[in-house]
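Working through the structure, step by step
As a plain string of letters, each chain reads:
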Amino acid sequence: EFSIKAGDLEIHSGLCAGSFGKRSNLDIKWKRPFVQNKPDKLNNYIAVKYHVRYPLPENTIALHNFKNGYCGISTIEDGKNCLCYLTTAENLHRNKNSIEKLEENILFQNPELLKIFKTAEILYDKPEIISQISFEKKSLVENHILMLGDAAGMITPLCGNGMSMAMHGSKIAAELMIDFFNRKITRQEMENQYEKKWNHEFASRLRTGRRVQSLFGDPFITNAFISFLKPFPFLVDKLISKTHGQPF
């Protein structure tokens, strides 16, 4: 049985799932390996997101490269655009932990990004900033708690739809939980099957995502990679299928 305390409230449950996101105090308390690893190219990113208005075709997601990161822009509701970039914490540190200096000194070296930032209408006073993003492999069951969504593993935004993965993983967990409550399987069987089914659906996607992620951020390697893919659209389709999965 699990006992969950929140303020004056205490809840008792026979099952518990962890859907608390990419990094939480629980991860630190449990000493999960990914929070204890030294910073490297897979576990020390920041993300910055703006909502803007910019003339971009609705059926287009544009990706623009810069040193140690990349920026994407796409159309969302009400004629707005989501403008979001991912880069290393080291990039921010080298620019005195200033988002403005980071953008001016790093992102604006790409003329396309300079054009977007200078001509787009910024809709909010400040961007949303998320730090300590890790794309490392995570445990799927921790202290008999089934991990869901980003708590189970994050795919690089360049390579996949994290929201879809979270919903699909939750569907897998829910079906096994129902079998457990109906006494069709034991707790151990539920945990083992969850790890097996989750890995079957997502492990190869995450591996591919990490490999592609490692190619971006270096202008020479990125340009060479894209130049190689351009004449072979079937390879692009193959790569997308490797990171996005099938409808469920």
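One structure accompanies this document, and this report is about it. Predicted, not measured: the structure shown is a model, and the values here were computed from it. (Residues numbered from 1 in each chain as written. Predicted model: local features only at pLDDT ≥ 70, side-chain atom pairs only at ≥ 80, totals over all residues. Heavy atoms only, no water.)

1. Looking at empty space enclosed by the protein
Under the criterion given, the structure shown has 1 cavity of 30 Å³ or more. The calculated volume of the largest cavity comes to roughly 70 Å³. Gly149, Asp150, Gly153, Met154, Ile155, Gly162, Met165, Ala166, Gly169, Trp198 and Phe202 together form the lining of the largest cavity. Looking at the lining of the largest cavity, the elements that each hand over two or more residues are α6 (162–181) and α7 (187–215). Residue composition of the lining of the largest cavity, grouped by class: 6 nonpolar, 4 polar and 1 charged. (1 Å grid on protein atoms, 1.4 Å probe; cavity = no way out; pocket = protein on both sides within 12 Å on 5 of 7 lines; lining within 4 Å. Points joined across faces, edges and corners; volume = space filled by probe spheres on them. Helix = DSSP H or I, 4+ residues; strand = E, 2+ residues; numbered from the N terminus. Nonpolar A, V, L, I, M, F, W, Y, C, P; charged D, E, K, R; others polar.)

2. Regarding the side chain of Glu103
Looking at where Glu103 falls in the secondary structure, it is placed in helix α4 (residues 99–105). A polar contact is formed between the side chain of Glu103 and the side chain of Tyr85, at a distance of 2.9 Å. Once you skip the residues sitting within four places of it in the chain, Glu103 turns out to touch Val48, Tyr50, Tyr85, Phe108 and Phe117. (Polar contact = N/O pair within 3.5 Å; in protein donor to acceptor, adjacent residues only side chain to side chain. Contact = heavy atoms within 4.5 Å.)

3. Looking at the nonpolar core
In this structure, Leu86, Ile133, Leu146, Met190, Tyr194 and Trp198 are the most contacted members of the largest nonpolar core, which totals 34 residues. Of all elements in the fold, only β4 (45–53), β11 (145–147), α6 and α7 reach the threshold of two or more residues within this core. Setting aside anything within four residues of it in sequence, one finds Trp198 in contact with Leu140, Ala152, Gly153, Met165, Gly169, Ala203 and Leu206. (Core = buried A, V, L, I, M, F, W, Y, C linked by side-chain atoms within 4.5 Å. Buried < 20%, exposed > 50% of the residue type's maximum accessible area, 1.4 Å probe, protein only.)

4. Some points on the environment of Lys196
On the secondary structure map, Lys196 appears in helix α7. Judged by relative accessible area, Lys196 falls into the exposed class, the value being 67%. The sequence separation of Lys196 and Leu140 amounts to 56 residues, and the corresponding C-alpha distance is 9.8 Å.

5. Remarks on the layout of surface pockets
Considering only enclosed or pocket space, the largest pocket measures out at about 1700 Å³ in volume. Along the wall of the largest pocket there are 50 residues; nearest its centre are Tyr70, Pro157, Leu158, Cys159 and Gly160. Going through the elements one at a time, β4, β5 (61–66), β6 (69–75), β7 (81–88), β9 (128–133), α6, α8 (219–229) and α9 (233–244) are the ones with two or more residues in the lining of the largest pocket. Partitioning the lining of the largest pocket into residue classes produces 32 nonpolar, 13 polar and 5 charged.

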